[in-house]
Every structure is written in structure tokens, then in C-alpha cells.
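Here are the chains, one letter per residue:
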Amino acid sequence: MKLTGFELRRIGLPLAAPFRTSFGTQTHRDILLVRAVTGDAEGWGECVTLPDPLYSEEYVDGAVDVLTRFLIPALAGADDVDGARVATVLAPFKGHRMAKAALEMAVLDAELKELGRPLARELGAVHPRVPCGVSVGIMDSVPQLLDAVGGYLEQGYVRVKLKIEPGWDVAPVRAVRNRFGGEVLLQVDANTAYTLADARHLAQLDAFDLLLIEQPLEEDDILGHAQLARQLSTPVCLDESITSARTAAAAISLGACSVINIKPGRVGGYLEARRIHDLCVAHGVAVWCGGMLETGIGRAANVALAALPGFTLPGDTSASDRYYRTDITSPFVLDDGYLDVPAGAGIGVEPLAEELDATTTWTQWIPL
Ligand SMILES: O=C(O)CCC(=O)N[C@@H](C(=O)O)c1ccccc1
């Protein structure tokens, strides 16, 4: 495969509704896309950085800079680059996993489109469709939350994740349980908003038969999560803490988590995501596919990943209209609570030219 160049393209998409988490409220997405061009195909990657370094240390402008000045030039200087080699070529550069993941995804998509091979099959997917969960933000009131949850359950989502933070945790969870009963698959996500001092408070959530509590403590507090896990009956799931197969192995060995949310952007790409999946399956640790408000580009690849055998819990692989009135690809539409795994070559989708043009705010071509 001969890479001829990359395009960096930023698009602006308004969210269908504000999405509030413990680290801020998203109303609009400034998304960086990467297009890899070879002699015979082009591939797409989506960088999941936010505009500000609030979810992790990465942010959009930083990803543009590190891709332009370091990561793409490194690929330009390497021979015979294909999807499997990207991470090795980029390994000397520390961190910037979301930027690296977008670059690897674009190269992998181009390679697989040239070969006519679906990403799902390349990763080892075993299901033709995946059950979908939905992530529900922090709301202004419990009645507003109950309306939102009721709407998503009516749409067919098979699992509900509630964002929580100090002051918005036990009461909203209790209200959802009281309104919708004990059968609904329910979990919570704290996005690092608590400390070990909150252990007794968080133990109140044990009364609600939650699937898991996600990332209650700071992302670098592996030992704290291990101590907290011993005080809760609700399984602890890690998100921000898991940045690689190595950190996943450490967290599992230390008893810091019994479930892992796999987000390819957070761990440096879909191939590392598969390695984490394989590690977790070997340790009997359940995994599910997290989301970063992706467009149909990232959503397509996430659905492919979520079809691997170890993804035994519904992921945040919602339909396109959960976040966007108009997606930049053909929309992902929920069917009886499931999304079909794209069957086409590579990620199985392409951006729609008119949507891409209508939402583009900046583009730069980088020849190799
Ligand atoms: O469904 C989705 O794509 C979003 C799922 C979700 O809640 N993501 C959270 C998270 O911390 O996991 C999030 C990430 C980035 C920005 C906002 C929210």
C-alpha cells in the first residue's frame, strides 16, 4: 500500500441536545477527521479529542499540532506502512493516543478498503449486530431525567447509563429504579468526580442492582479504585484509567476493576483495543465499547469492535440521532435495540460529501 498523503479536516456539528457530565457540558462538537489517501483507496479516522483537555490531557488543537509536526512526518519517513505498523512507527512519541488512534484508523481503513476486507472481520467480530446502550447526561431535575430515560427506553435502548457527580447520584438512580423497575439494565458513570472519602456514600448505590459504577476516582488512582472496590458490591468499571493493555493488566491484577470500558481513541487505536479485549477475555473481565460522541465514522468502527466476543455488556454505541440531527454518514438507526455491524470494506462507511462540505470549518492536505 502506497500512502500519498493525509488530509486533516475539522467539522462543526451541533449536538441535538446539551450533554452534561461531571467535567462539563457539550453543546457542539469540533471534530477532527483524518483522511489517508493511497494510490487505490482512501480511509477515514476520527479523533475523539474534545476542544478542551477536560476528559483527558488531549484536545483538538493539540491533536492537529502533534499530527502535523510529528506523527504524519514519522509515517512519511517510514517504509511499507500499513495499519499494523502505524503504532510501532509512532511509539517513540509519548502519549497523544487519540491523535495516534485517528491516524491508525485512517491508514487501516484505507488498507482494508484496498483489500476489500471489513474491519469487523479483521478485528475478529462474531456478531452481525450489537445491542445498544445509551448514555444520559446530568439533568436540571429528576422529572427531566425520568422523561429522558423513558424516551430512550421507548426507542429500544437495552441499557441506560446515568452520568453522576456529587449532589446528583443516589436520588436520580433511586428515581429511575422506582419509575422503571428493577429489570432495566442500569449503570452509572462518575468521570472521576469522587474520592475514596466518598466510599460510604457511593455504597448507597449498592441498593440499586447496578451493572457497574464507572470511573469513580481520578484516572491515575488505580490503588484507590482497588480499595474502593473492596467497599462496594457494585462492580467497578474503569474508563479514563485504562490507556493500554499494560494498564489494563495492572488494574485487573490489583483488583481495581472487574469491568473495562474500551474506547479505541483513549487507548491509541482499534488494534490496541482488540489487545485489551483479548487480555480481558483471558482474565474473565467483561468489556463494553465506550463512546466519545462520535460521528458515523467513529461509530461504524466502534460497532465493529463491539461485535467481538468479549463485549458481553451493551456499549455506548447509540444511534446517530442520540447526538446529531444530521450525521456526516448515512445514519446509524436503532433496530429493536440493536445496530447492524457495517459489512462493507474497511469501516464500511464513507462521509456524505454534501454533509462534509456543509460542516467543514478547516482542512489541510499534507502530502507524503
Ligand atoms: O454515547 C456516546 O458516544 C457518549 C458516551 C459517554 O457518555 N461518553 C462520555 C464518557 O465519559 O464516557 C463522554 C466522553 C466525552 C465527552 C462527553 C462524554
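Values in this document were obtained by computation on a predicted structure and should not be read as measured data. (Residues numbered from 1 in each chain as written. Predicted model: local features only at pLDDT ≥ 70, side-chain atom pairs only at ≥ 80, totals over all residues. Heavy atoms only, no water.)

1. Quick notes on the packing of aromatic side chains
Applying the stated criterion across every chain yields a total of four aromatic pairs. Their ring planes at 80° and their centres at 5.6 Å tell us that phenylalanine 19 and tyrosine 323 sit as a pair that is edge-to-face. A residue pair is termed long-range when its members are at least 10 positions apart, and phenylalanine 19 in strand S1 (residues 3-21) and tyrosine 323 in the loop between helix H12 (296-305) and strand S12 (338-340) qualify at 304 residues. Residue class for phenylalanine 19 comes out buried when judged on its relative accessible area of 7%. Since its relative accessible area comes to 5%, tyrosine 323 is described here as buried. Sitting over the ring of tryptophan 288, arginine 159 keeps its end group 5.1 Å from the ring centre. If you follow arginine 179 out to its NZ or CZ, it ends over the ring of phenylalanine 180, 5.9 Å from the centre. (Phe/Tyr/Trp six-rings, centres within 6.5 Å; stacked < 30°, edge-to-face > 60°. Helix = DSSP H or I, 4+ residues; strand = E, 2+ residues; numbered from the N terminus. Buried < 20%, exposed > 50% of the residue type's maximum accessible area, 1.4 Å probe, protein only. Lys NZ or Arg CZ within 6 Å of the ring centre and 35° of its normal.)

2. A word on the layout of surface pockets
What the largest pocket holds in volume is close to 320 Å³. The wall of the largest pocket is formed by 18 residues, among which Ala87, Lys100, Val267, Gly268 and Glu272 lie closest to the centre. When contributions to the lining of the largest pocket are tallied by element, the ones reaching two or more residues are helix H2 (83-90), helix H3 (97-115) and helix H11 (270-283). In terms of residue count, the dominant contributor to the lining of the largest pocket is H2 (five residues). Each of domain 1 (3-116 + 350-367) and domain 2 (121-340) accounts for three or more of the residues forming the lining of the largest pocket. (1 Å grid on protein atoms, 1.4 Å probe; cavity = no way out; pocket = protein on both sides within 12 Å on 5 of 7 lines; lining within 4 Å. Points joined across faces, edges and corners; volume = space filled by probe spheres on them. Domains from an automatic or database assignment.)

3. Examining the nonpolar core
In this structure, Val136, Leu162, Leu205, Ile260, Ile276, Leu305 and Ile347 are the most contacted members of the largest nonpolar core, which totals 92 residues. Structurally, this core is a two-domain feature, drawing no fewer than three residues from each of domain 1 (3-116 + 350-367) and domain 2 (121-340). Counting 33 residues, the second-largest nonpolar core is a separate cluster that includes Cys47, Val48, Leu50 and Val64. (Core = buried A, V, L, I, M, F, W, Y, C linked by side-chain atoms within 4.5 Å.)

4. Focus: the UniProt feature "domain: Mandelate racemase/muconate lactonizing enzyme C-terminal" (unreviewed entry) in the protein
According to UniProt, the "domain: Mandelate racemase/muconate lactonizing enzyme C-terminal" (unreviewed entry) feature falls on residues 142-235. Taken end to end, residues 142-235 comprises 39% helix and 13% strand; its first and last C-alpha atoms sit 25 Å apart. (UniProt positions renumbered as here; feature names shortened; annotations may be inferred.)

5. So, the sheet that holds S1
If you walk across this open sheet you meet the four strands as S3-S2-S1-S13, and the pairing is antiparallel. Across the chains shown, the open sheet's two edge strands, defined by having one partner strand only, are strand S3 (42-47) and strand S13 (360-367). Mean inter-strand twist for the sheet, computed between neighbouring axes without regard to direction, equals 20°. When S1 meets S13, the two strands line up antiparallel, connected through seven bridges. Looking across to S13, one finds that isoleucine 11 is bridged to threonine 360. Along the sheet, helix H1 (residues 60-76) makes contact with S1, strand S2 (24-38), S3 and S13, crossing S1 at roughly 160°. (Pairing = 2+ DSSP bridges. Axes fitted to C-alpha atoms, helices over the stretch in contact; angles between N-to-C directions. Contact = heavy atoms within 4.5 Å.)

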